[in-house]
Amino acid sequence: MVYSFFAGCKIPYFLPEYGDSALALLNRFGIELLDLEFNCCGYPVRDIDFQSFLLAGARNLALAEQKNTDIVTPCKCCFGSLKFVEHYLKQRGAIKDQINAMLRPEGLQWEGRITVRHLLTVLHHDVGVNALRAAVVNPFKGLKVAVHTGCHALRPGNVTRFDDPLAPSIFNDLVALTGAESVFWSMSTECCGNPQWDKNQKLALKQMQRKLLNAKQAGADFVCTACTYCQIQFEQKNQPEVMPQKGDRIIPAVLISQLMGLSIGLEAEDIGIGDPNRQKLRAYAGS
Amino acid sequence: MLYSITFNLALAVFILGSIYRVTRWFTVKVGPDAGQFAVRTRVWQAFKSLVSVLFSRKIFRLIGAFFFRIIFQGHIFKKDPLRWLMHFSIFAGILLLVLFHALAGLITANLFSDYYPTANPYLFLRNLFGAMVLLGIVIAGYRRLSSRRLKKLSTSQDVLALALLSILLFSGFLLEAGQIVSEPVFNQMVEDYADPGDSEALEALQSYWAEYYGVVFADPPDLNDPALIKAGEQVHLESCSGCHARPTAAFVSYPISKIIKPVGVWANSIRLDLILWQIHFLCCFAMLAYLPFSKFMHLFTSSVSLMLRSLEEYGALQQASRITRRVISLDACMNCGQCSLHCSVEPIHRALGNPNILPSYKLGSLKKYVQKKPAANFDLADFNEGSFICTACYRCTQVCPAGINLQDLWLASQDELALSGPSAPYQQVRNGIASGRPDPQSGRESAAAADPGPCFLDYSGRPESFAACIQCGTCTNVCPVVADYQQDPGLMGYLDLTPQQIVNAYRLGITNRVLNSKMAWDCFMCFKCQEHCPKKIPVAEMMYELRNRGYKELKEPLKGSEGFIGECRISNIG
């Protein structure tokens, strides 16, 4: 199976471990990934200018269509944006023509033959739960994980068609087969706070702290993410000194690709798990 | 006299210009953290780092970078062999010409005891090096013109650089051609190396040189007498051949001399060779003086930048040196356009038309911005917008052939703009600041400007998108922003509107009054409201519409204020 891998803008510099671990994981299950020179998915300019947003998204779809491959992205914001553009343009021929006219000078066209997948769907549906379960060699024991679903893959459900938007299960299934326990927490499907980081930082932190405390109260050792922005928020912006309520760091975050990677026996170095999370996770690894 | 005055003048300008450029590395401030280091600290830190690198194992990294990236330019070859051929031809051609031709008296003559500019292989090599530069210029010109995107990125500096180089090169080839046909030059050589009094031998030599060396004589010798030419050959072998090869070795200049030949007598009478000599030397001196201020300076600045890159990749730069590094980065750019060709937000430039979205242009703007004084072709609002549309994806830094750390430049300039510049555009909209540009689209080429088209969000203009709202308040109940504000009003302050009230503003046709509401700008865009709405109202997308319109008003404040009174859609609902 061949996909074009859409890393998005933030992975190369700010979160290379997500790119590395996602690639290692997909390669491990024989999924071939093309490395195309995609542009920004459009998400950051959706605020600013709708047409720029559509054009940026459509150009990526056209690039993948030129290679006749679906896109797989590990980032939920990229996923949500590309899905929205796909959905929006499919329903509006006139606007699609207008956007295609802007792509034509460089020989690109998007006709809607390819689609966009998220890392989680590819793992869950294409690789399959059974194959994944069979590959687990170091199941976690006693590790409690709060699954942070992430907004833009889940909602709007009629656009993303990712999972049940009100009662999602894909992410939980994947976490469960690593041996970790996916705890129930009421704020699981809420925002991580990152979209407000560079707009209203106080609000971004407030939202993050409310979520993390909720996860901790549910007994979780880690929050598990499957989105670049969410992980950046929970790992890099989660500094006790800037939080509204001071105190120790609440709980750390781990990427789904790292959690699965460890459980199927990939080396911690290859999937970018740094100390002290590595030690903490090793304590639960059942090897 | 004229020669030495102009030369010394050019040399002085070159030296002072170079000193000026290097001094700026330590005085110009780029980034909000630049102010904390005095010039002295930066010079001292740079010196210390230099010494510590030279006497550590990192020196091998530098040597590696020097040979692989600066001399061989292997990193360009790996990306694009044609681009490498272009660049390497110009680079190697110019360098060899400067060292072994321009500085022949200093270098070539001391290295090779048999050196004569007219002897082989020197005659041939000079043409070869010139031809290399010519090849490079042709490829460079072709690339700039044939690629639509590269053509757009090219500036007058790029054209000027190629033009100057071409003039210099052609004046050199023409000069050599002029000397080949020149009778006065021939006479001078006879005076220097033979016996001008022996008129019989001179006539023979003239016939030989007219036949085989392309010299044009006002009084043409008889070329139909093989014996005379034979005799000329004897004289030639005795006096000339030791240090003057046949001009056929000058495989560029000799064919040009054939073109001059028909008008050779006239050319010799006006001493065309001397005129061309003056042009060629004046060109060289002009180039020398212009060098510190031109993109040719990148021969030096890019080399420094590439060396720094090899250290930077291993975190070897101190903080004060990182500031200095930023200024060197600004100096090292030669506007090759690679960053813009690979830029992640390039399609957004297509839609918005602001050239500052593209890194190569934005770098030029940053140069002007750090000077803190008004400059031509610099629009602070455009630079600001471009800076914040950048997603810091790191790609430009990875493709830059000059090893410029663009990522650090963008992160630093974003911070500086947020602190002391116009700040992030959304902050401006939130705070109700209009940047005051009445005609933002003038002089821009943009598909969006040419054809506004139908693809703007317009829920406010389409009542069917919100008319079904029953004001049940579900959107507000699930909204995390509302919950954050409610949980800690002391910390968060007062949220002016709820999502439900935003939709109500649509129903009342007063969306212009909520464009800079806290709710519209504090929204996380998590789409919970929209997902849970029993009437399927696109609540979150309406927030996007409000933001889009907020930005639009930032750019077009005059039109915006009209709209404020003008838009009342109550009639649409009633």
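Residues numbered from 1 in each chain as written. Chains lettered and ligands numbered in written order. Predicted model: local features only at pLDDT ≥ 70, side-chain atom pairs only at ≥ 80, totals over all residues.

Attention now goes to the overall build of chain B. Looking only at helices and strands, one finds 34 helices and zero strands in chain B. In terms of overall size, chain B is more extended than a compact globule, its C-alpha atoms giving a radius of gyration of 34 Å where 574 residues would be expected to give roughly 25 Å. The principal-axis extents of the C-alpha atoms in chain B amount to approximately 115 × 55 × 40 Å. Taken over 574 residues, chain B has a buried fraction of 40%. (Helix = DSSP H or I, 4+ residues; strand = E, 2+ residues; numbered from the N terminus. Rg over C-alpha atoms; globule rule 2.2 N^0.38 Å. Buried ≥ 20, exposed ≤ 12 C-beta atoms within 10 Å, placed from the backbone.)

What follows concerns the overall build of chain A. Of regular secondary structure, chain A possesses 13 helices and eight strands. Radius of gyration (C-alpha) of chain A: 19 Å, near the 19 Å computed for a compact globule of 287 residues. Across its three principal axes, chain A shows a C-alpha extent of roughly 55 × 45 × 35 Å. Long-range contacts, defined as pairs at least 24 residues apart, comprise 79% of the intrachain contacts of chain A with a sequence gap of at least 6. (Contact = placed C-beta atoms within 7 Å.)

Interfaces are often sized by the amount of accessible area the parts lose when they come together. Residue and element names in this part refer to chain A. The domains assigned to chain A are domain 1 (2-118) and domain 2 (129-282). When each unit is reduced to the centre of its C-alpha atoms, the spacing between domain 1 and domain 2 is 24 Å. Between domain 1 and domain 2, the contact holds 25 residues from the first and 23 residues from the second. Of all the secondary structure elements, the ones that give two or more residues to the side of domain 1 that touches domain 2 are α1 (11-14), α2 (16-28) and α4 (76-91). Here the side of domain 1 that touches domain 2 takes nine residues from α2, the largest share from any one element. Its residues placed into classes, the side of domain 1 that touches domain 2 shows 14 nonpolar, five polar and six charged. (Domains from an automatic or database assignment. Nonpolar A, V, L, I, M, F, W, Y, C, P; charged D, E, K, R; others polar.)

A few words on the interface of chain A and chain B. Across the contact, 42 residues belong to chain A and 45 residues belong to chain B. For the side of chain A that touches chain B, the secondary-structure elements that each account for two or more residues are α1, α3 (50-66), α5 (93-103) and α10 (201-217) of chain A. The greatest single-element share of the side of chain A that touches chain B, amounting to seven residues, is contributed by α3(A). Taken together, the residues that form the side of chain A that touches chain B break down as 22 nonpolar, eight polar and 12 charged.

Residue and element names in this part refer to chain A. With three bridges connecting them, strand β1 (residues 2-5) and strand β2 (residues 32-34) associate as parallel partners. The partner of S4 across the bridge, within β2, is L34. The sheet contact formed by β1 and strand β3 (residues 70-73) spans three bridges and is parallel. Looking at β3, one finds that Y3 is bridged to D70. (Pairing = 2+ DSSP bridges.)

All names here are of chain A. The strand order across the open sheet built from four strands is β2-β1-β3-β4, with neighbouring strands paired in parallel fashion. Since the sheet does not close on itself, it has two edges, and those belong to β2 and β4 (116-118), each with one partner. Sheet twist, expressed as the average angle between the axes of neighbouring strands with direction ignored, equals 40°. With three bridges joining them, β3 and β4 adopt parallel strand pairing. Counterpart to I71 in the pairing with β4 is V116. (Axes fitted to C-alpha atoms, helices over the stretch in contact; angles between N-to-C directions.)

This part is about the pairing of strand β7 (residues 222-225) of chain A. All names here are of chain A. Alternating residues of β7 divide into F222 and C224 and V223 and T225, and every residue in both groups is buried. Sheet analysis places strand β5 (residues 144-147) next to β7, joined by three bridges and oriented parallel. Counterpart to A146 in the pairing with β7 is V223. Summarising the sheet, β7 and strand β8 (residues 253-255) pair through three bridges and their orientation is parallel. Note on β8: the bridge partner recorded for T225 is L255. In this fold, β7 hands off to helix α11 (residues 228-236), which returns the chain to β8; that crossover is right-handed. (Right-handed = clockwise from strand over helix to strand, strands pointing away.)

Turning our eyes to something else, we now look at the confidence of the model for chain B. It should be kept in mind that the predicted coordinates are not to be read in detail where pLDDT is low. Residues and elements named next belong to chain B. Looking at chain B as a whole, its pLDDT mean stands at 89, while 93% of the residues score no less than 70. No element of chain B has a lower mean pLDDT than helix α34 (residues 570-573), at 29, and none a higher one than helix α26 (residues 474-478), at 98. The low-confidence segment residues 435-454 (pLDDT under 50) makes 27 contacts with residues lying over four places distant or belonging to another chain. For residues 558-574, every residue scores under 50 in pLDDT, and the model assigns this stretch 14 contacts once sequence neighbours within four places are set aside. (pLDDT = per-residue confidence, 0-100.)

Strand pairing in a sheet relies on backbone hydrogen bonds. The paired strands run either parallel or antiparallel. All names here are of chain A. Taken in spatial order, the four strands make up an open sheet running β6-β5-β7-β8, and their pairing is parallel. At either margin of the open sheet sits one strand with a lone partner, and together these are β6 (181-182) and β8. The pairing of β5 with β6 spans two bridges and is parallel. Of the residues in β6, the one forming a bridge with V145 is S182.

Residues and elements named next belong to chain B. One can describe the packing of helix α11 (residues 199-212) onto helix α12 (residues 226-239) by two numbers: an axis separation of 7 Å at closest approach and a directional angle of 95°. Regarding the angle of α11 to α12, the classification is roughly perpendicular. Residue-level contacts link A201, A204, L205, S207, Y208 and E211 of α11 to L228, I229, A231, G232, E233, V235 and H236 of α12. Its residues assigned to classes, the contact of α11 with α12 shows eight nonpolar, three polar and two charged. (Parallel < 35°, antiparallel > 145°, perpendicular 65-115°, else oblique.)

Here we take up the environment of B:I107. Structurally, the position occupied by B:I107 is in the loop between α5 (81-102) and α6 (108-111). Leave out the neighbours within four places in its chain, and B:I107 touches B:L99 and B:F100.

With 16 residues, α4(A) ought to run about 22 Å at 1.5 Å a step, and its terminal C-alpha atoms sit 22 Å apart, in line with that. Burial runs high along α4(A): 13 of the 16 residues are buried. (Expected span 1.5 Å × (residues − 1).)

A word on unusual backbone geometry. Cis geometry marks the peptide bond from A:R155 to A:P156, where omega comes out at -10°. For A:P156, the position within the fold is in the loop between α7 (151-154) and α8 (157-160). Here the bond from B:N120 into B:P121 is cis, since omega is 5°, no more than 30 degrees from zero. Residue position: B:P121 is located in the loop between α6 and α7 (122-146). The backbone of B:Y394 shows a phi angle near 85°, a positive value even though the residue is not glycine. Take B:Y394: it is sitting in the loop between α21 (380-389) and α22 (395-399). The phi dihedral of B:Q471 is positive, around 55°, even though this residue is not glycine. Relative to the assigned elements, B:Q471 resides in the loop between α25 (447-450) and α26.

It is worth spelling out the environment of A:D248 at this point. Relative to the assigned elements, A:D248 resides in the loop between α11 and β8. For the pair formed by A:D248 and A:K144, sequence separation is 104 residues and the distance between their alpha carbons is 19 Å.

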